[in-house]
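Structural overview for review
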Amino acid sequence: MAGVPGHTIGQWARRGYIKSSVAVGQPRIYSYQDIAEAMVVHDLLDHDVPHKYIKGAITRLHEYGDWPLTHAPLAVAEGRVYTKEGDRAYDVGDRGWQQVVDPENLKLIASQLRRGGWAVRELPDLEYIEIDPDFLSGRPTIKGRRIPAAKVAAMATTDEGREILREDYDLTDAEISDAERWWQASARLAEAA
């Protein structure tokens with residue numbers, strides 16, 4: 001859901017970029033908010049912020065709570081992370097100010113996570129995938145139903161499975177198609193990272 005493979009999420013948790021707030025032992029269990037924080041880390045890396053500056057920002061922004069990247073007002077410029085309080089910009093690096101991870105972007109990340117995670121950036125027209133932390137333990141589902149999107153995508157690989165999805169689960173072709181497209185995009189992202 002964060003647009004990176006599971007082993008990358010595990011590395012980020014071990015190195016302190018994110019946390020697994022539900023369970024820290026093996027296997028790690030991540031909350032919905034942990035995944036939102038991972039999406040911000042991914043976004044910062046996409047804006048060429050080095051890992052050491054992300055780690056520094058997390059360390060310096062501890063007063064924003066357990067998820068400082070999704071709660072602090074942040075910006076990046078020239079590979080550095082900044083925060084702003086009042087009229088002053090505080091350097092978690094040492095250069096100017098350019099808004100990137102602002103409250104509107106955080107709302108966008110929250111919306112994308114609710115609609116299927118990082119894959120929504122590739123497929124903004126997805127309509128029938130949703131992630132609700134209170135629904136099926138936060139697994140992606142068909143919108144408004146307790147049917148995992150991954151299960152739908154797996155069943156849709158055969159004609160018989162598609163027929164079962166239509167008749168027994170009462171899914172539309174659009175819902176099945178969105179599950180397949182979401183699953184394929186998620187798999188591509190996991191392989192690419």
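Residues numbered from 1 in each chain as written. Predicted model: local features only at pLDDT ≥ 70, side-chain atom pairs only at ≥ 80, totals over all residues. Heavy atoms only, no water.

1. Focus: the pattern of salt bridges
- Here the structure, examined in full by the defined rule, presents nine salt bridges.
- Ionic pairing is found between Arg188 and Glu122, a salt bridge with its closest N-O pair at 2.2 Å. Taken together, the positions of Arg188 in helix H9 (residues 173-192) and Glu122 in helix H6 (residues 119-122) put the pair 66 residues apart, joining distant regions of the chain.
- Taking relative accessible area as the criterion, Glu122 reaches 40% and is therefore assigned partly exposed.
- In this structure, Arg181 engages Asp178 in a salt bridge whose closest nitrogen and oxygen atoms are separated by 3.1 Å. (Salt bridge = Lys/Arg side-chain N within 4 Å of Asp/Glu carboxyl O. Helix = DSSP H or I, 4+ residues; strand = E, 2+ residues; numbered from the N terminus. Buried < 20%, exposed > 50% of the residue type's maximum accessible area, 1.4 Å probe, protein only.)

2. Details of the side chain of Glu175
- Looking at the secondary structure, you find Glu175 in helix H9.
- Taking relative accessible area as the criterion, Glu175 reaches 7% and is therefore assigned buried.
- Among the polar contacts made by the side chain of Glu175, one reaches the main-chain amide nitrogen of Thr172 at a distance of 2.8 Å.
- What Glu175 contacts, discounting residues up to four positions off in sequence, is Tyr128, Ile142, Arg145 and Asp170. (Polar contact = N/O pair within 3.5 Å; in protein donor to acceptor, adjacent residues only side chain to side chain. Contact = heavy atoms within 4.5 Å.)

3. Focus on the packing of aromatic side chains
- All chains considered together, the criterion is met by one aromatic pair.
- With 5.8 Å between their ring centres and 50° between their planes, Trp182 and Trp183 make a pair best called tilted.
- For Trp182, a relative accessible area of 6% corresponds to the buried category.
- A cation over a ring is seen here: Arg146 above Phe135, with NZ or CZ 4.8 Å from the ring centre. (Phe/Tyr/Trp six-rings, centres within 6.5 Å; stacked < 30°, edge-to-face > 60°. Lys NZ or Arg CZ within 6 Å of the ring centre and 35° of its normal.)

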